[in-house]
Amino acid sequence: MAFIRFTDRPAFRNPWAEFERIRQGLDELSRSYVEKGKGQGRANVYPALNIYEEADRLLITAELPGVKVADLDLSIEGETLTLQGKRDRRQNEAGVSYHRREIESGSFSRAIALPVKVDPEQVNARLANGILTVTLAKASAVTPRQIKVTTE
Amino acid sequence: MTEQELKIQEKKAAQPGDENTKNECCFAPHVDIYETEREVAVIADMPGVTVEGIELSLEDNILTIQGHRVLQQQPGRILLEEYESGHYLRRFTVAETIDQERIAASLVDGVLTVRLPKTIPAQPRKIEVRLG
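An account of the accompanying structure is given in this report. This structure is a prediction, so every number in the text was calculated from the model and none was measured.

**What about the overall build of chain B?**
Assigned secondary structure in chain B consists of 0 helices and 10 strands. Each helix and strand of chain B, placed in order from N terminus to C terminus, yields the pattern β-β-β-β-β-β-β-β-β-β. Scaling as 2.2 N^0.38, a compact globule of 132 residues should have a C-alpha radius of gyration of about 14 Å, whereas chain B reaches 21 Å, well beyond that. Projected onto its principal axes, the C-alpha coordinates of chain B cover approximately 90 × 45 × 20 Å. Long-range contacts, defined here as pairs at least 24 residues apart, represent 52% of the contacts in chain B between residues at least 6 apart. A total accessible area of about 9,000 Å² is found for chain B, and carbon and sulfur atoms account for 48% of it. Both charge centroids of chain B, one from 15 positive and one from 23 negative side chains, sit 6 Å from each other.

Given below as structure tokens:
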């Protein structure tokens, strides 16, 4: 006669355990997809931006190939930074036949809410080789201050 | 606004011939290619590349455009990352006969323009036939 000891049985058989396992598996799957597409397709408005934070400043970078300094307009109002500009093309000669046209021209406008308060007087923007770098100094109120610890 | 609004174009990864030991991305730059009577022009968007980083070659009718950029350490903490930076690589087969000696390239605002002049075909010589 088969003997089943009480301790051999699972302590509590959860009928939903299997569903929970499937759900976790799906979660993991979707997570790995997100990681693969990291940094892509997340921006909806041109240009795509990268924002970095340092102790005393914010750095915003964007790739703007073919945009001239004169055609780029940056403004800051409160905690909103607005980037506007356009990309012009001139080739319109007669007798030109295109094999490929992947580069678009047109205008763009993007406003971003800055994550911290910045000092509007200390904004520095640089456009070099098609890369825009905006450096914004944080407002003194949010800049971390070192506190000295002394012993008695 | 009468003009068209710019849209974000997805950056496609380019596959170099062999794998790189460094974990650095290589993207295929977006290009415009057009042809006129005298030349073929290739315009490529390569933001972040300086003149020193450009490598061009035309071998066996294959035009290779390579752009190396100095990838710097990301400063501080990332708050938002919508694009990745990397090197650029793209290859084309050029069907026309190109005058290798006169290939010219320029880089302005992160946009590379390569001009490939076509070789002028030999003028057909007229042979006069005289009577007599």
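**Comments concerning the packing of aromatic side chains**
The geometry of an aromatic ring pair is captured by two quantities: the separation of the ring centres and the angle between the planes. Overall, the coordinates contain 2 aromatic pairs over all chains when judged by the stated rule. Centre to centre, the rings of Tyr46 of chain A and Phe108 of chain A are 5.3 Å apart; their planes meet at 65°, and the pair counts as edge-to-face. Taken together, the residues Tyr46 of chain A in the loop between helix 1 (17–36) and strand 1 (49–53) and Phe108 of chain A in strand 6 (residues 106–113) connect sequence positions 62 residues apart. Here Tyr46 of chain A and Phe108 of chain A have matching classes, each one buried. Of note, Arg101 of chain A hangs over the ring of Tyr98 of chain A, and the distance from its end group to the ring centre comes to 4.0 Å. Its end group placed over the ring of Phe27 of chain B, Lys11 of chain B keeps NZ or CZ at 4.5 Å from the ring centre.

**As for the side chain of His30 of chain B**
Mapped onto the elements of the fold, His30 of chain B is located in the loop between strand 2 (26–28) and strand 3 (31–35). Take His30 of chain B: its relative accessible area is 15%, and that puts it in the buried class.

**A short note on the sheet that holds strand 9 (residues 104–108) of chain B**
The 5 strands are arranged 5(A)-3(B)-4(B)-10(B)-9(B) in an open sheet whose pairing can be described as antiparallel. Looking at which strands have only one partner, the edges of the open sheet turn out to be strand 5 (97–101) of chain A together with strand 9 of chain B. Strand-to-strand twist of the sheet, defined as the mean angle between neighbouring strand axes without regard to direction, takes the value 15°.

**Points about the interface of chain A and chain B**
In this assembly, 50 residues from chain A lie in contact with 48 residues from chain B. Both faces combined, the contact of chain A with chain B buries some 4,400 Å², and carbon together with sulfur accounts for 48% of it. Applying the counting criterion to the chain A and chain B interface returns 7 salt bridges. Glu63 of chain A serves as the salt-bridge partner of Arg69 of chain B, at 3.1 Å between the closest nitrogen and oxygen. Our count for the chain A to chain B interface comes out at 25 residue pairs in polar contact (both at pLDDT 80 or more). Counting only elements with at least two residues in the side of chain A that touches chain B, the list comes to strand 1, strand 2 (57–63), strand 4 (80–87), strand 5 and strand 6 of chain A. In terms of residue class, the side of chain A that touches chain B is made up of 20 nonpolar, 14 polar and 16 charged. Looking at chain direction, strand 1 of chain A and strand 7 (residues 77–81) of chain B are connected through 4 bridges and run antiparallel. Among the inter-strand pairings, Ile51 of chain A is bridged to a residue of strand 7 of chain B, identified as Leu80 of chain B.

**What about the environment of Gln146 of chain A?**
Relative to the assigned elements, Gln146 of chain A resides in the segment after strand 8 (131–138). On a C-alpha basis, the gap between Gln146 of chain A and Glu104 of chain A in space is 48 Å, while along the polypeptide they are 42 residues apart.

**Notes on the nonpolar core**
Leu58, Ile60, Leu64, Phe108, Leu114 and Leu136 of chain A are the most contacted members of the largest nonpolar core, which totals 20 residues. Broken down by secondary-structure element, the contributors of at least two residues to this core are strand 1, strand 2, strand 4, strand 6 and strand 8 of chain A. Ignoring anything within four residues of it in the chain, the contact list for Leu136 of chain A reads Asp56, Arg57, Leu58, Ile60, Ile76, Leu114, Val118, Gln122 and Val123 of chain A. In terms of nonpolar packing, the next biggest core, distinct from the first, is built from 19 residues, Val42, Val49, Ile65 and Val94 of chain B among them.

**Details of the sheet that holds strand 1 (residues 12–13) of chain B**
Taking strand neighbours across the sheet as the criterion, the 5 strands line up as 1-2-8-6-5 (chain B) in an open arrangement whose pairing is mixed. Single-partner strands in this sheet number two, and they are strand 1 and strand 5 (54–59) of chain B.

Thresholds, definitions, all that
Residues numbered from 1 in each chain as written. Chains lettered and ligands numbered in written order. Predicted model: local features only at pLDDT ≥ 70, side-chain atom pairs only at ≥ 80, totals over all residues. Heavy atoms only, no water. Helix = DSSP H or I, 4+ residues; strand = E, 2+ residues; numbered from the N terminus. Rg over C-alpha atoms; globule rule 2.2 N^0.38 Å. Contact = heavy atoms within 4.5 Å. Areas by Shrake-Rupley, 256 points an atom, 1.4 Å probe, with all protein chains shown as cover. Lys, Arg positive; Asp, Glu negative; His and termini not counted. Charge placed at Lys NZ, Arg CZ, Asp CG, Glu CD. Phe/Tyr/Trp six-rings, centres within 6.5 Å; stacked < 30°, edge-to-face > 60°. Buried < 20%, exposed > 50% of the residue type's maximum accessible area, 1.4 Å probe, protein only. Lys NZ or Arg CZ within 6 Å of the ring centre and 35° of its normal. Pairing = 2+ DSSP bridges. Axes fitted to C-alpha atoms, helices over the stretch in contact; angles between N-to-C directions. Buried area = accessible area lost by both parts, 1.4 Å probe. Salt bridge = Lys/Arg side-chain N within 4 Å of Asp/Glu carboxyl O. Polar contact = N/O pair within 3.5 Å; in protein donor to acceptor, adjacent residues only side chain to side chain. Nonpolar A, V, L, I, M, F, W, Y, C, P; charged D, E, K, R; others polar. Core = buried A, V, L, I, M, F, W, Y, C linked by side-chain atoms within 4.5 Å.

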